[in-house]
Amino acid sequence: MSEAEQDTPQPRRDGQGGRDQGPRNVALDRQNPDLLVSPTTDRGTVPNLKFSFSMAHTRIEQGGWAREVTQRELPIATTLAGVDMKLEPGAYRELHWHKQSEWAYVLTGSCRISAVDQEGRNFLDDVRAGDLWFFPKGVPHHIQALDEGVEFLLVFDDGAFSENSTFLLSDFFAHTPRSVLAKNFGWTPDQLDRIPEREKYIFAGQVPPPLDADRVVSPTGDVPRTFTHRLQQQEPVRFPGGSVRIADSTGFTASTISAALVEVEPGGMRELHWHPTDDEWQYYISGSGRMGVFASSGVARTFDFQAGDVGYVPFAYGHYIENVGDEPLVFLEMFRNERFADISLTQWMANTPPQVIADTVNVPRSLIEALPKEKRSVVR
Ligand code: MN
Ligand code: MN
């Protein structure tokens, strides 16, 4: 056996399994060590809970690109779908609307966004890395990169969403008779000679002027609740192994999608917990994580994640996420619910009569009594 073969991970554990002589995709085996050699506690059949944006088709346009992870890529993910999009300086994501509500997290750079609601009330703001936005379903909006360009994650409240089937202004124009457009706006048909023949979607543009120079005053005023939220500027809740910033309807009142931005220090772990209301859609921003899920009936599986990966946890499945690298692990948890909710295994056990727990898991009652009664979302 060559030295390279000896360094190759093998599906062997404690004298079981055997060497994989190929064919095989060693790069993927290295990225998914807990699928190749799982913890011995893993057992049974669990739906796939991982898909990487790097495995998704990238739609390349003049001025940017987009790729999506939806129910088509990750079939278990019925509640939410995600899009990773990049716009070069000045480039537009065209004016459009869709049937789903849209939540976004700015990953790098900055952009300007606008929206107008059903009362004609308008919204215009600039957002930067670490900021969120939210547009209710059906409300039309646009995105334009500022001078450093922008990359953002979009999350929609329907797993079947596709970024390729939104309602675009240029497409609406292209598929309406010019006589009707002219009548609608009080123009003459010849004033519409240069309208686009098909949708523009993402296209190059000039960096817009300062925010105040771009404002339009609506006679019905501004939208009643802001569509942006400065998540990264929010003071985090700190725990022994890291920190959490939660954005839900208690602080970002316009949003019907809730989220937590979680940072886990090396050696730390997002504690054993589950969500009592909704499935969880995850996006990994940096670092290396290992998630184990418990699906009841003696069934459990472990998945490995790195930057750009999407994870999913069905409602009620118990899970933990361990930082297995030597840099901070940063990820987003998102839920199709205006309120964030999780049940901490430790908090449950600590606030239950201790003899009940001790009799069940066969550990000394004194250990149960010493458990912290306050939630520690990230332990070490
Ligand atoms: Mn949109
Ligand atoms: Mn969770």
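Keep in mind that what you see is a predicted model, and the values were worked out from it rather than measured. (Residues numbered from 1 in each chain as written. Chains lettered and ligands numbered in written order. Predicted model: local features only at pLDDT ≥ 70, side-chain atom pairs only at ≥ 80, totals over all residues. Heavy atoms only, no water.)

Here we take up the overall build of the chain. Scanning the chain for helices and strands turns up eight helices and 26 strands. Along the first, second and third principal axes, the C-alpha set of the chain runs to 80 × 55 × 35 Å. Going through the 380 residues of the chain one by one, you find that 48% of them count as buried. Of all intrachain contacts in the chain linking residues separated by at least 6 positions in sequence, the fraction that spans at least 24 positions is 75%. Summed over all atoms, the accessible surface of the chain reaches about 18800 Å², with 51% contributed by carbon and sulfur. Across the chain, the mean location of the 37 positive side-chain charges is 2 Å away from that of the 53 negative side-chain charges. (Helix = DSSP H or I, 4+ residues; strand = E, 2+ residues; numbered from the N terminus. Buried < 20%, exposed > 50% of the residue type's maximum accessible area, 1.4 Å probe, protein only. Contact = heavy atoms within 4.5 Å. Areas by Shrake-Rupley, 256 points an atom, 1.4 Å probe, with all protein chains shown as cover. Lys, Arg positive; Asp, Glu negative; His and termini not counted. Charge placed at Lys NZ, Arg CZ, Asp CG, Glu CD.)

To continue, consider the sheet that holds strand S17 (residues 258-264). Across the sheet, which stays open at both edges, the seven strands sit in the order S3-S22-S19-S24-S17-S16-S15 with antiparallel pairing between neighbours. In this open sheet, the two edge strands, each paired with only one partner strand, are strand S3 (50-52) and strand S15 (237-239). When strand polarity is set aside, the average angle formed by the axes of neighbouring strands in this sheet is 20 degrees. Where strand S19 (residues 280-286) lies against strand S22 (residues 309-313), four bridges are found, and the strand directions are antiparallel. (Pairing = 2+ DSSP bridges. Axes fitted to C-alpha atoms, helices over the stretch in contact; angles between N-to-C directions.)

The next thing to look at is the coordination of the manganese ion (ligand 1). Protein ligation of the manganese ion (ligand 1) involves His 96 (NE2), His 98 (NE2), Glu 102 (OE) and His 141 (NE2), the donor distances falling in the range 2.0 to 2.2 Å. Here the donor residues of the manganese ion (ligand 1) share one chain and are spaced in sequence as H-x1-H-x3-E-x38-H. Its relative accessible area of 1% is what places Glu 102 among the buried residues. (Donors = N, O, S within 2.8 Å, 3.2 Å for Na, K, Ca; no water.)

Those protein atoms acting as donors to the manganese ion (ligand 2) are His 273 (NE2), His 275 (NE2), Glu 280 (OE) and His 319 (NE2), and they sit at 2.1 to 2.2 Å. Going along the chain, you hit the donors of the manganese ion (ligand 2) in the pattern H-x1-H-x4-E-x38-H. With a gap of 39 residues between them, Glu 280 in strand S19 and His 319 in strand S23 (residues 318-323) connect regions that are remote in the sequence. Judged by its relative accessible area of 0%, Glu 280 falls in the buried class.

Bringing the pairing of S22 into the picture now. Of all five residues in S22, five are buried, a share of seventy percent or more. The alternating pattern of S22 places Asp 309, Gly 311 and Val 313 and Val 310 and Tyr 312 on opposite faces, both of which are buried. With three bridges joining them, S3 and S22 adopt antiparallel strand pairing. Of the residues in S22, the one forming a bridge with Ser 52 is Asp 309.

This part takes up the domain arrangement of the chain. Buried accessible area, meaning the area lost when the parts come together, often serves as the stated size of an interface. For the chain, the domain assignment lists domain 1 (53-229) and domain 2 (234-379). The straight-line distance from the C-alpha centre of domain 1 to that of domain 2 is 32 Å. The partner domain 2 presents 23 residues to the 26 residues of domain 1 that form the contact. In total, about 2200 Å² of surface goes out of reach between domain 1 and domain 2, with carbon and sulfur atoms giving 73% of it. Summed over the shared surface of domain 1 and domain 2, the result is zero salt bridges. (Domains from an automatic or database assignment. Buried area = accessible area lost by both parts, 1.4 Å probe. Salt bridge = Lys/Arg side-chain N within 4 Å of Asp/Glu carboxyl O.)

Right, let's talk about the packing of aromatic side chains for a bit. Taken as a whole and assessed by the stated rule, the structure comprises 15 aromatic pairs. When the centroid spacing of 3.6 Å and the interplanar angle of 10 degrees are considered together, the rings of Phe 156 and Phe 161 count as stacked. Here Phe 156 falls in the buried class, since its relative accessible area comes to 0%. Ring geometry for Trp 274 and Trp 348: centres 5.9 Å apart, planes at 90 degrees, overall edge-to-face. In this pair, Trp 274 sits in strand S18 (residues 269-274) while Trp 348 sits in helix H6 (residues 345-350), placing the two residues 74 residues apart along the sequence. Residue class for Trp 348 comes out partly exposed when judged on its relative accessible area of 49%. (Phe/Tyr/Trp six-rings, centres within 6.5 Å; stacked < 30°, edge-to-face > 60°.)

With that settled, the discussion passes to the pattern of salt bridges. For the structure shown, the criterion picks out 23 salt bridges. Arg 121 serves as the salt-bridge partner of Asp 117, at 2.8 Å between the closest nitrogen and oxygen. In the salt-bridge network here, residues are joined through shared partners; they are Arg 270, Glu 333, Asp 342 and Lys 375.

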